[in-house]
Structure formats: C-alpha cells, structure tokens
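Observations on chain architecture
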Amino acid sequence: MANSHRKLMFNIYIGFYCSAVIQICICSQFTSSSIDPFNKDRGAFPVATNGEIFPWRELRLPTMVIPLHYDLFVHPNLTSLDFVASEKIEVLVRDATQFIILHSKDLEIMNATLQSEEDLRYRKPGKKLTVLSYPAHEQIALLVPEKLMADLRYSVAIDFQAKLADGFEGFYKSTYRTLGGETRTIAVTDFEPTQARMAFPCFDEPLFKANFSIKIRRESRHIALSNMPKVKTIELEGGLLEDHFETTVKMSTYLVAYIVCDFNSVSGTASSGVKVSIHAAPDKWSQTHYALEASLKLLDFYENYFDIHYPLAKLDLVAIPDFESGAMENWGLVTCRETSLLFDPKTSSTSDKLWVTKVIAHELAHQWFGNLVTMEWWNDIWLNEGFATYMELISVNVTYPELQFDDDFLNMCFEVIKRDSLNSSRPISNQAETSTQIKEMFDDVSYKKGACILNMLKDFLSEEKFKKGIIHYLKKFSYRNAKNDDLWSSLSNDCLESDSASGGFCYSDSKTTSSTLAFLRENVEVKQMMAKWTLQKGMPLVVVNREGRSLRLQQERFLNGVFKEDPGWGALQERYLWHIPVTYSTSSSNAIHRHILKSKTDTLDLPEKTSWVKFNVDSNGYYIVHYEGHGWDQLITLLNQNHTLLKPKDRISLIHDAFQLVSAGRLTLDKALDLTRYLQHETSIPALLKGLEYLELFYHIMERRNVSDVTENLKHYLLQYFKPAIDMQSWHDEGSVWDRRLRSALLKLSCYLNHAPCIQKATELFSQWMESSGKLNIPTDVLKIVYSVGAQTTAGWNYLLEQYELSLSGAEKNKILYALSTSKHQEKLMKLIELGMEGKVIKTQDLAALLHAIARNPKGQQLAWNFVKESWIHLLKKFELGSFPIRMIISGTTSHFSSKDELQEVKLFFESLKAQGSHLEIFQIVLETISKNIKWLEKNLPTLRNWLLISI
C-alpha cells in the first residue's frame, strides 16, 4: 500500500561503513552531495514560519545527513487524546553542513539538542539547536551552532508533542463500541506513504532506511504492540507501564508501527518458529481464527517459495475499527480493516472469505516485496504493490486451491484495462513529486496492471525461471532499495547464468515447436521488453488478419472511446510500440505457438491448414486481440458448434475483447451480442458470469438513462435467456466456490429485475429473520439479496438500520449498508449520507463506498452527485486530497454519467476545484469516461434496440 514523488537515480556507491556501537553496516545508495547550496543564493530560499530564511528549497530531503538509528519514546493519553514523545536519532554526516533537514507535520517541537561522538563519550550535555519550520514542504531545519563534519556521527535529540490525529493518517485515534454500548478508544499508526512525519520528526523517504528502538508508555488496562517483540515492561509510578521493544531490522520510516489498545488475540506458530497472532476488539475475538489459519499457511508458503526466512521473531495482524485502506504491511505488525481480517461463518460469504485470504496473502508478500527490498522512490511503488498483488495469485492457488482464484485474477486484469485503455492513463513507473501525487500512485495501474504484466512475463520466461529471477532480486537487494532496472537485470541475469546455451534468452518450457525455436533465436532482452510496458502508458491492440496460411499481425495502441475514423486517432498512436509476447493456438494442434511482436507489423506462416486461430492463449498476455476479415465469424461459429474446443479462459477473453472492441469502434455491438448466444450451453461458470456481466451492465445503463423500451426488452431477454440457470439455483450455501458465486449473481439479478419467484422467496426469508429478532441464520450466499429485498419497505429499512448498529460482523454490516442504499426513497438515502458524515453509526471509513452505492441507485445518482458538489470542503476535512476515498467519491458519483449536460456540469465543477488549487488525475479520467459513455450510447443504442427486438 503506498504513494509519491520523482524518481531519483542514486548512482554513487559509497561502500560499507560499520558501526562499532550497534554493529550495523551501511551500504549507501545516496549520491554524494555538493557544497552547501544555502550559502550560494539565500534569496532563492523559502521563508520559515518565524520569518527567517529556511535553508532548503527542494521537496526531497538532502543526502548530506543520513539516519542510522532512531531511539523513539511515545506516551499516548487515550483520555486527553494527545501524546508526548521524544527521540534520539543517530546520524552520519556525509558532507559538512550547518543544518539538518527532517520531515515533520503538525508536531509541536519543544526542544532539540545535538551531541557529537565526543560529547557522548565524555557525557557532555547536548548543544541546543535552532528549529525552523516550513509547513508547505512538511519540513523542519535544525540549525547547528558549529558545522557538522563529514564522516562523523552525531546524536540528535528532539522532544515533541501533538494531538492524536482525527483522520486515518499518522498517529491517530480509533474507536469501537462494546456489546454493552461503551465506546472505547485506541491509538494506532498508519504511515504509508508520507505520514510517519505526523508521528515523529524523521527522514521520511523510503531510501533513508534505519533501525528503530521503540518504547511505549501505557495504562495497565491497555497493551502496546510494535514491529518487534517486546523485550521487557517497566512499572512506573502512578500505575503506568513502559514497554520496550527489540530494535528493528533496517527499514524505511513508512513501515514503523505501534498501537495502544485493549484487544484480545489468538496465536499460533509457523513451521519456522515465528509466532503469528491475530488481534481484534474483545467482542470480535471469535472472528479471528480463519485469519490465523490463513496467515500460518501463507507465511510457510512464502518462506519456502522465496527461500528467505521471514527475519522477525513474530508477526501480528490487527483488525483496526477505523482504517482508510484495506490493510498496511508494517513489518511485523500488519494493520487491517476489520472486514479485511475477520471472518464470521454465519455472515461472511465465500467472496468475503476470498477477500480476507487475498488481503493476508498480499500483506505477507510485502514482508519481502516492499519491506525487505523497498523501491528507491514512490515512482516505482508498483515494485511493491504490483508484486504483492501478483503473489496473491501464486500463493492462494497453492494454499487454498478450493478458492479457485485464477479466474478472479483474470477479471482483475480486465478491470484495469478499462482504465488503461483511456488516453488519461499513466505509465506504471511515473513521476510523482508532491504528497498528493504520491497518494495518487496507489491506484489500479500500480497494483493491477503491475501484477498483470508480471504474470505475462512469468508466462513468457516460464514459472521456474521467473521464480529464480525474483529470488535473485530479493537476495541481492535485501535491506536495501531497488528500482525498475534492478528487477529486469535480476531476471536477465538469471537467464544468462542458467540458460547460456539459449543465447542468454529465457523462454517458456511449453512444448517446443518450430515457431518456438524461431522465437528463441530473437534473443529478446527482458529489460528492453519490459521498459516498454512500464515506461509508456496504455496497452496494445493486436490486429490479426488471416489469409490462407499467412497471419498478418499489426499492433496499435488500444483506445477505448476513440475510433479509428476520429481526427485525433492518428496523433494518439504516435511513438507507441510494445514488445508483445504473443501466443496463439489453432484448430490443427494442441501446441501453444509463441512470437515476439516487436514492430508495428509482422507476418507469421502457419505450418498447416487450420479452420480457426485464437490469440492470447489462457489470457496470460496483457493485450486485446481483434480478428479482421472473417476471424470473429469463425470464432462465433466455433463457440456455437463446440465451445469446449477452446479453453475456458480463452472463451472468457473472447467475450471480454469483443465488448471492449465495441467501445473502440472496431466491432459492431450486434456481433459481440451474437457471440454471447452460445452461453446457454456454457459449462464454465466464470465464462457465463462474464457474458452476464456485460448484459447486466447494459441494463443498468438503459435504466439510468430512462430508455424505457430497451430497459423492458432487456429485462425480458435476461429473464428468458438465463431462466434455466436461475431456476436451478437453491437458496442454500452449497457447491463449489464458483457454484456459490453463480447463485449469488443470478439471484441478485433476478430479484433486481423483480422476478416474482425471487422476490417471494427473499421476502419470506426476510420476514422470518425479522420475526426471529435477527437470530435466524440466512445462508450467506443470499444474505445481501434478502436484505436488499427487505429494505424496500419502510419497516424493513428501519429494522435493517437498527441491526446495522448492533451487528458485530463487518461482513454483515457491509451487506446491510448495501441493502439500505437500494431504497427508492430519497429521504432514506439522504439519512444514510448524514449518518456517514457524522461518523458514529456509519463510520467515516465507509462513506466513500456508501456514496458510490447510492450513486449506482437510479433514485440516488443525482442526490449523491449534488451532495459531493455541495459538501466538497467538508469531505476534504475527512479525507486527504489524493487519498483513495476522495478519488472513489469523485469517480463513484460521476463516472456512470452519459449525457452532454452531465459532462458539462462535471467539467465546470472540476474547473472550480482547480481554481481553488485542487487538481487530481482522476478529474481527466472521469471526463474521458463520461465522454466515452456518451459516444457509446450514440453509436450503439439503435443497434441494441434492434438486436433485442429480433431476440425476444
């Protein structure tokens, strides 16, 4: 999880400098600083809060002084909701200087002193430092009375205090209610990407790795947790206790964590002897057991897979009542939303179980990717997040094969294609300067596209060679920082070391064919290929034209909502070129053929006559495929005659690509809809659900635009076409993961379309549940459906809101909140928004998701949008600009718009925000999405109307 600034190239290797005091070695990756720039041009520097010149003008910290060790003491008061603290930072001066620049935000510095090594040796008192503050850059300057000398160490001591933060960043307060109705407060940290500076003055950039010794003072009714195991507890006067923790391994500031709470835990021991504990509020302790089981399994898996032991003696995972993101990978102390860690068998669905498993898999992968090896700068945050997301696939497939995660991963790649196919997308590795820009880096491109291109690379190299390469990368850069090129070099080096016979080229171990051998001779370098995928934005379209045994390939930049005949299409294609590892299969053999498409056009010869060709086998490649000529007709015929000749993932990708090509103006909508006709014979549930997803999407578009004739005809078509599948569904939790997900999807759609048998059954179950005072266990697969039907009456809605407040299950609360948001009564929807803003009954952390849900309700879309416009200033007081909730609120309440009037209204609002100094990348993404929606309707509404008239 993370965000940030401009890529720095630290290229001067300083060597090793070993401490005699705490025996740590510093392998410096910092550039050597030049002479102090402050004395050259004082007029060009900013002014501190006290009116004096601040001696540093860059957003990035200077590298003249680097931290080695922090000794941090913290005493939070959970009654007065503030904390006092002190720290001693051991620093190494690399170039003589008269100041030290640190990060600090919203901290009151009471005192700062400096001791040299000689002062420490002879126990001389510290020299008082002048402290200047420059809040615009969240920096303080410590001015020293005498110049600090190069290659010497000093100790900086700072006393400071602050209020516990109100939001979700830094050192903040979180509250929960007990079963007895008591509200209790805990104190928790969340520092990624740039919020450690809100808890203690520090060198708050990922490159400044150091060791941390932490002491926390608390009351006896609380416990304290931190990254490392507790060494001892000292009893103090007045009943206070002080916990001392082991010194951490060398790590970045954003991974430091500490919590003061009254939670209970469940513990187990991994195969390697690591103690794993899950912590939660006392009344929710019973929901921690699945997370412990999963954490132990996954930790064992990663230690074996990476061939690197988890370096700490313990691993805590904590369910935090108020948490902005899904989870945070603090080394040894992972913090999570309650819904990301707790599992209640009575109210958590199979999708909830998969979510918890994925989150744990993601955060534990970070203990290696991100914590052990950290990106140099936030521009390469995908090295953390893309890898952790990719490792979800690898680890969950092995540890929980019954969750059948493969197809979920494929859908994740399809999701990011929606964003990446817009011109407003960005490169995976992207410049980021300010804190807001850094936060914006935590998006689908870093997480999902990063994971998808890694999966493509794994398929290209082979799983074994890819694994060797990443282990080489982790071992080489352990406790250090890395950048894009370091990863590609590790993967290339593994090829050179283990595959010299193949000319230094790593290749897949699938069946060797003549085309495979030809493709080996191309000797493509990993670095050269992957630079194209990480340093340029967007994604490719591979156009296939078959003439006899000849395949003519062409690559273009794939753009959603921009048609080839549009005036600007050509300019948007310029300078875009990928090295695409294409794969294809044919009717004439089971072999997977491989080729690197490095140029705009290329030609392949088929070895024998074939009736069809399918590119992007198993959808491992991150590209869209368009079949010109009779290509699509041949594939549609194949699906209708015998769809099982294609693999399930290939059928899914055909459905996906067809509808994406409609949005790009390359395929007609009726052709894509014709492709879905075979679904009545489909045996793969993920493929069936993919087809259903698009038809359901079109229904919601028509409903929101109030195109009544098409809405009604599409409703009839869906209920008629999927009736056999709907009628087969039981109202019980049974079958495989995908059986259960199909049940949830079909019954949810059926009830949404007011299908009488569905409404009747859901109403019956809801009435029984109300009569049992909420004690009846409704099957988890249908729980959200039953609640949503029940919420349509005033009595049902009110009762659900009461149960929402009482429920101890985060999974159930999510289902109830969704159901409440489906009400047709605007006054009820407005009440939900008011409760979300108040933050007591509906927690502030859930406000963004609530507004998104209300905006998807045709009766709530205008209400939610108007609220955002009118309450923008109040929303910014709850969430930081650039944060995920703010971006979700903006896109969630606007991106479904599809009229020119709505586009103009949104554009004017964004312009007013820019005039106030608020600018986000999401603005352009939303405007482009709405424009695409308008264009889609103009082009495809008549076609959809006619196709339905023929089909029903």
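A brief report on the enclosed structure follows. Owing to the predicted nature of the structure, the values given are computational and were not obtained by experimental measurement.

1. Concerning the state of the cysteines
Inspection of the entire model under this criterion finds 2 disulfides. Here Cys-413 is linked by a disulfide to Cys-452, with a sulfur-sulfur distance of 2.0 Å. The chirality of the disulfide connecting Cys-413 with Cys-452 is left-handed, given an S-S dihedral of about -105 degrees. Here Cys-452 lies in helix α8 (residues 444-461) and Cys-413 lies in helix α6 (residues 406-420), a separation of 39 residues in the sequence.

2. What to know about the sheet that holds strand β5 (residues 97-103)
An order of β5-β9-β8 is seen for the 3 strands of this open sheet, with the pairing classed as antiparallel. Whereas interior strands pair on both sides, the edge strands pair on one side only; in this sheet they are β5 and β8 (130-134). Mean inter-strand twist for the sheet, computed between neighbouring axes without regard to direction, equals 25 degrees.

3. Some remarks on the packing of helix α5 (residues 382-399) against α8
Interaxial distance between α5 and α8 falls to 7 Å at its minimum, and their mutual angle equals 65 degrees. Considering the relative orientation of α5 and α8, their crossing is right-handed. Counting all contacts with α5, which are made through Trp-382, Glu-385, Gly-386, Phe-387, Thr-389, Tyr-390 and Leu-393, the residues of α8 involved are Ser-446, Tyr-447, Gly-450, Ala-451, Ile-453, Leu-454, Asn-455 and Lys-458.

4. Let's talk about the nonpolar core
In terms of nonpolar packing, the biggest core is built from 250 residues, with Phe-200 and Tyr-258 touching the most fellow members. Among residues more than four places away in sequence, those in contact with Phe-200 are Tyr-70, Leu-72, Glu-87, His-103, Leu-107, Phe-160, Phe-191, Phe-212, Val-256 and Tyr-258.

5. Some words on helix α22 (residues 783-790)
Of all 8 residues in α22, 7 are buried, a share of seventy percent or more. Listing the buried residues of α22 in full gives Leu-783, Ile-785, Val-786, Tyr-787, Ser-788, Val-789 and Gly-790. Looking at the buried residues of α22, the elements they touch are α20 (737-752), α21 (756-771), α23 (794-806) and α24 (810-820).

6. Examining the pattern of salt bridges
Counted by the stated rule, this structure contains 54 salt bridges. The residue Arg-153 makes a salt bridge to Glu-90 at a minimum N-O spacing of 2.8 Å. Within this pair, whereas Arg-153 is found in strand β10 (residues 153-163), its partner Glu-90 is found in strand β4 (residues 82-93), the two being separated by 63 residues in sequence. Residue classification places Glu-90 among the buried positions, given a relative accessible area of 16%. Arg-419 is paired through a salt bridge with Asp-443; the nearest N and O atoms lie 3.2 Å apart. Of this pair, Arg-419 sits in helix α6 while Asp-443 sits in the loop between α7 (435-440) and α8, and the two are 24 residues apart along the sequence. Taken as a pair, Arg-419 and Asp-443 share a single burial class, namely buried. Within this structure, Lys-105, Glu-138, Arg-197 and Asp-204 form a network of salt bridges that share partners.

7. Quick look at the side chain of His-244
Topologically, His-244 is positioned in strand β16 (residues 241-245). For His-244, the side chain forms a polar contact with the side chain of Glu-242, separated by 2.8 Å.

8. A word on the pairing of strand β6 (residues 108-116)
Bridge count between β6 and β10: 8 bridges; the pairing is antiparallel. What sits directly across from Gln-115, in β10, is Ser-155. Here 2 bridges tie β6 to strand β7 (residues 127-128), and the two strands are oriented antiparallel to one another. The partner of Leu-114 across the bridge, within β7, is Lys-127.

Cut-offs used in this document
Residues numbered from 1 in each chain as written. Predicted model: local features only at pLDDT ≥ 70, side-chain atom pairs only at ≥ 80, totals over all residues. Heavy atoms only, no water. Disulfide = S-S within 2.5 Å. Helix = DSSP H or I, 4+ residues; strand = E, 2+ residues; numbered from the N terminus. Pairing = 2+ DSSP bridges. Axes fitted to C-alpha atoms, helices over the stretch in contact; angles between N-to-C directions. Left-handed = near helix turned anticlockwise from the far one by under 90°. Contact = heavy atoms within 4.5 Å. Core = buried A, V, L, I, M, F, W, Y, C linked by side-chain atoms within 4.5 Å. Buried < 20%, exposed > 50% of the residue type's maximum accessible area, 1.4 Å probe, protein only. Salt bridge = Lys/Arg side-chain N within 4 Å of Asp/Glu carboxyl O. Polar contact = N/O pair within 3.5 Å; in protein donor to acceptor, adjacent residues only side chain to side chain.

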